[in-house]
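Chain by chain, the residues run as shown.
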Amino acid sequence: MQQSISEAMYYILLSLLQPAYGYEMMKGIKELSGGRIEMGPGTMYGIISRMKKDGLIEQGTMNNDDRRKIYLLTEEGKEVLVNEYKRLKLLVKDGVCLEDLL
Amino acid sequence: MLGGFIMKYRYKFNYDDYYLIGENEWFYEEMAKKGWILKKRGIFLSKFIRSEPCEMSYRVELAGKSKLPKAQIALYEDCGWEMVTRMGDMYIFGALKDSGAPEFYGSTMERTVPYKHLINTTWKSILINIVNMLIFFVLPFINVFRRGGGIGAIFGNMGAYYTVDLVKSTALTLTLFLVYGFILIVMPIRLYKAVKLFRSFKNGEEIKRPKKKNLWKNIVMNGVPMLAVVFFLLSIVQFFHKSKYELSDGNHKPIISLAELNIEGESTPVREGEYSFIDDRIVERRALLSTFWELTESKMTDDGEVSLYQTVYYVKNKNLVKPFVEALKNDYSYCEEIEVQGVDKAFALNEEKFCIVKGRYVYWLEFRRGGEFIDIVEVLEKTEVFTDNGEYLEDLL
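Residues numbered from 1 in each chain as written. Chains lettered and ligands numbered in written order. Predicted model: local features only at pLDDT ≥ 70, side-chain atom pairs only at ≥ 80, totals over all residues. Heavy atoms only, no water.

### Some details on the overall build of chain A
Here comes step 1: In terms of regular secondary structure, chain A is built from four helices and three strands.
Here comes step 2: Tracing chain A from N to C terminus, the helices and strands come up as α-β-α-α-β-β-α.
Here comes step 3: Its C-alpha atoms give chain A principal-axis dimensions of roughly 55 × 30 × 20 Å.
Here comes step 4: Per-residue burial for chain A yields a buried fraction of 38% across its 102 residues. (Helix = DSSP H or I, 4+ residues; strand = E, 2+ residues; numbered from the N terminus. Buried < 20%, exposed > 50% of the residue type's maximum accessible area, 1.4 Å probe, protein only.)

And the structure:
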């Protein structure tokens, strides 16, 4: 069974459904989370580096600018994201009885 | 402004150690408020360029083990930060305060990694320097301890050794003292501060900003290493800058020639290994506290070969003459004060080694002779250098 991933990792993977530059990812995450999550560039770069090592994302360059990296989901990254989504859905389904408490 | 001239650039001592990020960020922001924008940070100084006073934000990022990746820098720049300068593993980014550039990290807990590295390297550096100091500063004097001199004798010998070094190689000795003194004091302080900062970041505490300048700390932290660099450069210049004279070239005072001692004969080459100093010419060297001349001369007389190795020091500070002579004598267990006409003090360290003081001149004479015994004291007394009133010696410099 796949281990759960952190919230920050989940949103990074989610923001990479379309290849994006780091800054675009940051904006994407803020949008996706409705402004709830604002990730600093230092935090995000740290997480991206770990995820790259784990083979969840890969990086490339565009327009011959080797400083600016464009990030893409790997097949493994997609799989991890989908599995996490399924897991979260299951969690929500299992906790549906809590709706009455809201 | 100086008399209508507006300075475009300004240099200031770095505010604090690079890893104290709050202090450094605060310093550069305060300078921007006064109209000085950070341009470059060097080892000791920061360079600022004149601008309108403005509200700037500066953020320091430490790379830790390796360089900050280009992609990370590009990401920061995309977010509105500009990389202003880099010094070692310290990267400084700047942005206008109202630019909306986001903080690098959500919490200080994420900033602990470079501090772990810093703490490890500082520990190692302290240990390496202590071992270095033991090897180079203390161990050479341990033989006194073995002879039963005790710890006090070790320090006594060290004191004598470094007094001689201070007079002969002032700049280099001061460099070593400054460097090791600085390391011994600053490194443990750095370690303590880094550990404190590491712990506070681990607990998620905010980065602290200072409330006022600490001028004296800046001067010591930057001035001492800077002075060490200056002394080191000076010692290199002095090492290579030496004058050489032929002994036969007219006035060779204050050096004493064998001819002046009425030791006549054919000059013979100085044997390698006989003396530490091998040159058949007078070598003049200048240090900050002294000027000294060295010569080794050898002659074949009817009674055998006579060699004289001598170093003559002109000690610039009168008060240093006595401790310097004491230090020169320190290595010799036998030392007898002898009477030599025309000098202030004279010591025989054995039948062939003499230390003679005349005013600020200190003579170190080592004779080697084969054949018949020569009464060196009697010979020295007849030497012109010691029999005249000595005034001409002062004119030499």
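### Examining a nonpolar patch on the surface
All names here are of chain B.
Here comes step 1: A surface patch of nonpolar side chains, about 840 Å² in accessible area, is lined by Leu-172, Leu-176, Phe-177, Val-229, Phe-232, Leu-233, Ile-236, Phe-239 and Phe-240.
Here comes step 2: Of all the secondary structure elements, the ones that give two or more residues to the nonpolar patch are helix 6 (170-202) and helix 7 (215-240).
Here comes step 3: Counting residues per element, the nonpolar patch draws most heavily on helix 7, which supplies six residues.
Here comes step 4: Checked against the element boundaries, Phe-177 lands in helix 6.
Here comes step 5: By relative accessible area, Phe-177 is classed as partly exposed at 36%. (Patch = residues over 30% accessible without salt bridge, like charges linked within 9 Å, V, L, I, M, F, W, Y side chains within 5 Å. Areas by Shrake-Rupley, 256 points an atom, 1.4 Å probe, with all protein chains shown as cover. Salt bridge = Lys/Arg side-chain N within 4 Å of Asp/Glu carboxyl O.)

### Things to note about the environment of Glu-52 of chain B
Residues and elements named next belong to chain B.
Here comes step 1: Along the chain, Glu-52 falls in the loop between strand 3 (45-50) and strand 4 (56-62).
Here comes step 2: Remark: the alpha-carbon pair of Glu-52 and Lys-33, spanning 19 residues in sequence, is separated by 8.3 Å.
Here comes step 3: Setting aside residues up to four positions removed in sequence, Glu-52 forms contacts with Ala-32 and Gly-35. (Contact = heavy atoms within 4.5 Å.)

### Observations regarding the interface of chain A and chain B
Here comes step 1: With 14 residues of chain A at the contact, the number on the chain B side is 17 residues.
Here comes step 2: Here chain A and chain B share an interface that buries about 1300 Å² over both sides, 62% of which is from carbon and sulfur atoms.
Here comes step 3: On the chain A side of the contact with chain B, Pro-41, Tyr-45 and Arg-67 of chain A bury the most area, a combined 46% of that side's loss.
Here comes step 4: Put simply, chain A and chain B have zero salt bridges between them.
Here comes step 5: The interface formed by chain A and chain B holds four residue pairs in polar contact (both at pLDDT 80 or more) in total.
Here comes step 6: The set of elements that each furnish at least two residues to the side of chain A that touches chain B consists of helix 2 (22-32), helix 3 (41-53) and strand 3 (65-73) of chain A.
Here comes step 7: Classifying every residue of the side of chain A that touches chain B gives six nonpolar, four polar and four charged. (Buried area = accessible area lost by both parts, 1.4 Å probe. Polar contact = N/O pair within 3.5 Å; in protein donor to acceptor, adjacent residues only side chain to side chain. Nonpolar A, V, L, I, M, F, W, Y, C, P; charged D, E, K, R; others polar.)

### So, the sheet that holds strand 5 (residues 82-87) of chain B
Adjacent strands of a sheet form backbone hydrogen bonds with each other and so pair up, either parallel or antiparallel.
Residue and element names in this part refer to chain B.
Here comes step 1: Reading across the sheet, the three strands line up as 4-6-5 and stay open at both edges, with antiparallel pairing between neighbours. In the strand order of this sheet, the two ends are held by strand 4 and strand 5, each with one partner. Averaged over all adjacent pairs, the angle separating strand axes in this sheet is 25°, with direction ignored.
Here comes step 2: The pairing of strand 5 with strand 6 (residues 90-96) spans five bridges and is classified as antiparallel. Of the residues in strand 6, the one forming a bridge with Arg-86 is Tyr-91. (Pairing = 2+ DSSP bridges. Axes fitted to C-alpha atoms, helices over the stretch in contact; angles between N-to-C directions.)

None of this, on its own, says anything about what the molecule does.
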